[in-house]
Each structure stands twice: as C-alpha cells, then as structure tokens.
Amino acid sequence: MKRIFLSLLLLHVLTLVAVAQQHSEQNHSKYVPPKDPLVQQKLSGWQDIKFGLLMHWGTYSQWGIVESWSLCPEDEGWCERKGPYSANWYEYKKAYENLQTTFNPTKFNPERWADAAKNAGMKYVVFTTKHHDGFCMFDSKQTDYKITSTKSPFSSNPRSNVTKEIFNAFRNQNFMIGAYFSKPDWNTPTYWDPYFPPKDRNVSYAPKRYPDRWQKFKDFTYNQIEELMTGYGKVDILWLDGGWVRPFSTIDSTISWQRTIPYDQDIDMARIARMGRSHQPGLLVVDRTVTGEFENYVTPEQSIPDQYMPIPWESCMTMGDSWSYIPKENFKSTRRLIHTLVDIVAKNGNLLLNIAPGPDGEWHEEAYSRLQEIGKWMSINGESIYGTKPVAPYRKGQWAFTGKGTSTYVTYLPKEGETLPASLPLSDVSVEKGKAVMLLGYNKPLKVEKTANGLTVQIPEAARKQLAAQSAWVFRVG
C-alpha cells in the first residue's frame, strides 16, 4: 500500500512539473511581437523554413557526459557527478576544466554535417558557441578557456575556430545561422567568484552588493556576444540560454525553477540586442524563457504544446536521448521524427533537432542515416511543410492540417505497423468543383466521394505499393 501511495505521489509531482513547464511554454498572451520591420521580415522567413539543426558540442564529449551540468552543485539528476573525481567538487571542476588540454577533434568536417542536414530538408542551424561551463568553441579574446587556446591541442589545426568553420559551411548551403550562447558562465570569476563557492547554477555573490563585479560580468558577456556578431559572417539568430540570468521582475513564480532564483541578474538585454542588430540588421534575439521584447520566438524544450499556438515558436528536441554526445545513443525512429515534425508544423511551430558531435569531431553514423531517411520523405512531401500555415482543426486524431495558397495538406500519421488502406475518410475538408485530391508521391488524382463529414478517397493498389514505406501520407486537396 505504501509503495502504491509513493508511486501515485511521484506521478502527481511529475504531472505538476509537466503542467508548470507547459504553462511557461503556452502562456502566449504575454508574447511581445517585434516592432523592427527587419526583425519582422526575418521572423516571417524563419517561420517558413520549419526545420533546423541544433548541435551541443564541447570538451565534455570526451567523458560522454551531460553538457556542463555536472559542474553545478545542485542535487538534481542531471547534475550528478560520476567518475574518479566525483567525490570532491573542487577536484572534479579542476579535472573537468583540464579537458581543454586533451580536446582534439581531428575528424571535424562541418561540410559533411551541412550536406547531411541540407539533404534532410533542414534550413537553419544553431550551434553552441559557449555552454554554461564557459568553454568557448570560438576564438574569444575575453578568455583563454577556449578551443583556440594553446592549451588545447586542436589550436594548431587550421580549422580550430570551429564556430567560424561551422557557420561558413552551413552558410554555403544557404542555411540561416544561429549562435547559441550561454548567459551564465561557470568559468569566469565574475560569475562564480572564487571567494564565494557556488551553491547552485546562479551567480555566487549578490550583484547588488558587488555592483562593480557584476558590471564586469555584464561587459564580459557583451564583449563575447559582440565578437560573435562581428567576426563570424552573417548571423541570423542569437539564441540565448540560461534563463535564470534575468531581471528579478521577470521571474514567473508559478514555475518551480524560476522560484529558486535568488538575485536580480539583469545583464541589460536592451544593450545587447541593440549592439547585435547594429552589426546584424534584423537579428532574431531569443532570450529563452524571459518573456518580453527580447524573446522573438518561444522555445519549448523536449516537448510539443498540446494545441496550436498563434505566436512564433520552436520545439528544441534531441534526435536521441541526450543533448550531448554519449557513446551509445538511443536514436528515435525515422517514423517518430517525421511525426514529430508534422505535429509541430500543424501547430504553427518549427522543429530544431539536436545532434551531438563526439570527441573526434564526428556524429554517430546512425544520425546520418536518420537524416537521409527524413530527407527521402521530405523530397516527396516537403511542400506540405515549407511555407505553410496551420489550418483548423490543426491536429485531430491521426490527422494534421496545413495549407499554402489554394491547397490544403491533410497528413495521415499511421500507427506502428499500419499500412495504407484502399480508402480513407478525409474529415474536415472539402474539394471545390474542378479541383483534385492528390496523394503526394503518386501522380494521378484520386477518386473522391463526398460524405457528411468531408471526403472519402480511394487509393489504388499501385499507389499503396509505391508509398508503402512512407512514415506518413500526405493528401493535397485543391
């Protein structure tokens, strides 16, 4: 009985956490649309391309552990330290930061990544230029904790400034370019001050008591972002993580992790955005979870809103289980990934799919095969994704609805093992006289019968055989 009670209690707690997280993602009434016409234009273009690549990569890939979080002295599952240095936080931090001296990804080849992403139908990339641990994957002049430092063996490689190389490779494939940047920095002494040992993810001293120290951190952050905005070609998105670094007035007390923020950690986003857009006109600024004028689109993490959202948004999700590289990854099936993309697009969102490079500078081969399989589906059905708008009822049962011009796309998401039947009811749609219903990938119009709820389409055996391997079937009406 006690075990049942504990199980129910845990389920209740997990439900509350999920509801709190969802609330933060779906409370779209607080969204502030950008006023700058160039930002509006870029945001509209970004909403049309639907599908992007996120990459978490740093020295932590050598240990095959979670990115940065094992440094954080919190008693949470994702912060758990393991390995020979785990018993002592100070020794662990020293060993972790010493990974800089062995990080040598000699198989680094961003052109292969860009080709694979393009062939999958991805149109934008967001790369972790710096995660919370403070290690820079770019040539920052503000710190020596970077891949281009002489402490790092890869610094002698002509492609050592990996952020520049990645941005160039993807830009050459006409991708929109996004710079992920962590606002907190657990390496710099102006955030985790050596005099005040950190207790959690937050700044280790009270900024109001030490305003000069906090100003130095603000300047450090500003200067690093300006480096990215000036020395790395055209950048379209500044994707800021670490939402606890925020003005105290923006904390949402209904969200558990925000309630634990002890200090005002205002880094002057107005100044940062103004600078960024002076160098990169129309720059999208995504100050994640900090609702307001500097969150040009919202970013639910590892989740999809239950309903259509009328604001710009993007689900960032992992292709496997982990954001960072682990030796044995559990990759999601192609079918699941395609269903995820269709679901998100029908609700007005974009999918930013994460793949983590390993310590040698390569992806798991399975990641390449997943992208190749997604690309085969997109080559046939991409017109139901790109440049579309959601169409009511958006998502209903196994159906997803999008539209473009005079066409409505009705996508059927089959269950595992389900085959394409000889006939299917297309509810909630109608076809005008003289218009056809087509099954994408099959070049002949389908026979249609009108019903009280919509249409029923007949699917020839030739079409069923030809498209049997598809993860989802798309009908174009009109």
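For the structure, see preceding data.
In this text the structure is predicted, and so the values were computed from the model without any measurement.

Considering the arrangement of structural elements, one finds Tyr325 in the loop between strand E6 (313–318) and helix H9 (334–346). A C-alpha to C-alpha distance of 33 Å links Tyr325 and Trp214, two positions 111 residues apart in sequence. Setting aside anything within four residues of it in sequence, one finds Tyr325 in contact with Ser61, Gly64, Ile65, Ala356, Pro357, Gly358, Pro359 and His364.

Glancing now at unusual backbone geometry. Cis geometry marks the peptide bond from Ala392 to Pro393, where omega comes out at 10°. Turning to its location among the elements, Pro393 is positioned in strand E8 (residues 389–396). Phi is positive for Thr289, close to 70°, though the residue is something other than glycine. If you trace the backbone, Thr289 turns up in the loop between strand E5 (284–287) and E6. For Tyr394, which is not glycine, the phi dihedral falls at a positive 70°. The topology assignment puts Tyr394 in strand E8. Relative accessible area serves as the criterion here: at 26%, Tyr394 is assigned to the partly exposed category.

A few words now on the nonpolar core. Residues Leu53, Met55, Trp113, Phe170, Tyr191, Trp239 and Trp363 are the most contacted members of the largest nonpolar core, which totals 115 residues. Those residues in contact with Trp363 that lie beyond four places of it in its chain are Leu53, Met55, Trp113, Ala116, Ile355, Ala356, Pro357, Tyr368 and Leu371. Residues Val437, Leu446, Val457 and Leu467 belong to the second largest nonpolar core, which totals 21 residues.

Turning our eyes to something else, we now look at the pattern of salt bridges. A complete count under the given rule lists 26 salt bridges for this structure. In this structure, Asp236 and Lys42 form a salt bridge, with 2.7 Å as the shortest nitrogen-oxygen distance. In this pair, Asp236 sits in the loop between helix H6 (211–230) and strand E4 (237–241) while Lys42 sits in helix H2 (residues 37–49), placing the two residues 194 residues apart along the sequence. Grouping residues by exposure puts Asp236 and Lys42 together as buried. Among the ionic pairs, Glu366 bridges to Arg370, the shortest N-O distance being 2.9 Å. Of this pair, Glu366 and Arg370 both sit in helix H10 (residues 365–381), four residues apart, which is roughly one turn of the helix. Using a relative accessible area of 12% as the deciding quantity, one classes Arg370 as buried.

Rules used in this analysis
- Residues numbered from 1 in each chain as written.
- Predicted model: local features only at pLDDT ≥ 70, side-chain atom pairs only at ≥ 80, totals over all residues.
- Heavy atoms only, no water.
- Helix = DSSP H or I, 4+ residues; strand = E, 2+ residues; numbered from the N terminus.
- Contact = heavy atoms within 4.5 Å.
- Buried < 20%, exposed > 50% of the residue type's maximum accessible area, 1.4 Å probe, protein only.
- Core = buried A, V, L, I, M, F, W, Y, C linked by side-chain atoms within 4.5 Å.
- Salt bridge = Lys/Arg side-chain N within 4 Å of Asp/Glu carboxyl O.

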